[in-house]
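Chain residues, written in single-letter form:
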Amino acid sequence: MEYAMDRRCSQTSKKTISSLFVALSLMALPVTAEPTKPLETHHALMGQILSANQQPPLTGFALHVIVDDGHAFSTAKQSKENAPQVINPNSLFRIASVTKTFTAATVLRLHEEGKLNLDTTLDKLISDDFFTLLESDGYALDKMTLKQVLSHTAGLYDHAQSEQYLAGIMANPQQDISMREQIKRCVEWGDPVSKPGERFSYSDTGYVLLGHIIERVTDLPLPEAVRQYLSFDKNHIENVIWEQGDTVAVDESRRVHQYLHGTDTFNWSPTVDLYGGGGLVASPIGMAKFYHALFSGKVFKHPETLELMLSDKGLPADSPYRLGIFAKEYNGTLVYQHGGFWGTLVMYEPTSQVVVAGAVTQQKDYGQLEKVMSDYLILQTK
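Residues numbered from 1 in each chain as written. Predicted model: local features only at pLDDT ≥ 70, side-chain atom pairs only at ≥ 80, totals over all residues. Heavy atoms only, no water.

Draft legend 1. Highlighting helix 9 (residues 204-218). In this model, helix 9 (15 residues) spans 21 Å end to end at C-alpha, consistent with the 21 Å of a helix rising 1.5 Å per residue. The element helix 9 is largely enclosed, with a buried count of 12 among its 15 residues. All of the buried residues along helix 9 are Asp204, Thr205, Gly206, Tyr207, Val208, Leu209, Leu210, Gly211, His212, Ile213, Ile214 and Thr218. For helix 9, the elements touching its buried residues are helix 4 (99-112), helix 5 (128-135), helix 6 (146-150), helix 8 (179-189) and helix 10 (222-229). (Helix = DSSP H or I, 4+ residues; strand = E, 2+ residues; numbered from the N terminus. Expected span 1.5 Å × (residues − 1). Buried < 20%, exposed > 50% of the residue type's maximum accessible area, 1.4 Å probe, protein only. Contact = heavy atoms within 4.5 Å.)

Draft legend 2. Summary view of unusual backbone geometry. In this structure, His152 takes a positive phi of about 60 degrees despite not being glycine. Looking at the element boundaries, His152 is found in the loop between helix 6 and helix 7 (163-171). On the basis of relative accessible area, His152 is assigned to the buried category, the value being 3%.

Draft legend 3. Focus on the packing of aromatic side chains. Applying the stated rule across the entire model yields 15 aromatic pairs. Measuring from centroid to centroid gives 6.5 Å for Phe200 and Phe326, while their planes differ by 75 degrees, and the two rings are edge-to-face. Here Phe326 lies in strand 8 (residues 326-330) and Phe200 lies in the loop between helix 8 and helix 9, a separation of 126 residues in the sequence. With a centroid separation of 5.0 Å and an interplanar angle of 80 degrees, the aromatic rings of Phe341 and Trp342 are classed as edge-to-face. What makes Phe341 buried here is its relative accessible area of 9%. Residue Trp342 is classed as buried on the basis of its relative accessible area, which comes to 3%. Among the aromatic residues, ring-to-ring pairing joins Phe102, Phe232, Phe290, Tyr291, Phe295, Tyr336 and Tyr348 into one connected group. Sitting over the face of the ring of Tyr207, Lys100 holds its NZ or CZ atom 5.8 Å from the ring centroid. (Phe/Tyr/Trp six-rings, centres within 6.5 Å; stacked < 30°, edge-to-face > 60°. Lys NZ or Arg CZ within 6 Å of the ring centre and 35° of its normal.)

Draft legend 4. Quick peek at the sheet that holds strand 10 (residues 344-349). In space, the 6 strands of this open sheet follow the order 2-1-11-10-9-8, with antiparallel pairing throughout. What marks the edges here is a single partner per strand, and that holds for strand 2 (71-77) and strand 8. When the angles between neighbouring strand axes are averaged without regard to direction, this sheet yields 20 degrees. Sheet topology places strand 10 next to strand 11 (residues 354-360); 6 bridges connect them, and they run antiparallel. When the sheet's bridge partners are listed, Thr344 is paired in strand 11 with Ala359. (Pairing = 2+ DSSP bridges. Axes fitted to C-alpha atoms, helices over the stretch in contact; angles between N-to-C directions.)

As structure tokens, then:
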């Protein structure tokens, strides 16, 4: 499920990323015996920013920061709504659309392995059933490429942004929704939003299709394929778990109660957002470790693959999205990031090579979380 605030903010991003920034983002993080600044200094800076951003105050949150090569610190605030549950950076949150970076990276790993080509069209990649559904709604599947789906430029309607979808979930939050039902709702509730490649239009439906394609190409369940191709074990990516179908079970005692408009969503069915556009439960530490591994060259076999992931080449003008990740500027500071519907966010700033991951207990606090994290990263470049 797309995080709407991230989408709206992304509309203001400009296609002004310099080759210097891209080059910096592809450099391996430096290996240092000690951080360039004492961790106490980093921690104090975050404390100052949190104190300065208390209007409105964050209800409850957890943050994890990785600086230099693996040196890290965390901070958190307890929420009275979550008491007596303790909120900390190892707590597990449904991360929703942050999952998309994991899904896209898996597709790019399969591209590296020669199992997928980003120029291949959807008619050659999806099942006959899904082909028939989408073709009936006028989609030109023989013109829609895998790269366009990754970059949200294929022209797919977003079933998760329809009024009917959230209303149906609110009315029956424990209903199970299959992958096919999500594709069917895309067809029934909307129409193609543009010609393939014409413009950016965020679509969870597209990432559900990517999850489907990963399973077809690897002959593995999506959770297993992502774990294997992104080398979770080798890269020590812990506390990042698919809520259903994973080989690792979610410790429900550590999963945080996340609130939407004052409603506790803890017992909502995970299938509302499960199949590649969302589906992961993770800690802020786990999210940060994945982005650290991704940008330090530990996920892909070749540095050119990360360059491809971050490139705007061939994308529509002013598109804020690359392949599974947003490229945004905050007061001239470039940040690669992804947010999630429930109030999760992970950011990487290429000049300082700092990673920040965070989560809030109240979805309404997402904007404040984004401001705290971006303010911190802006100061890293000063």
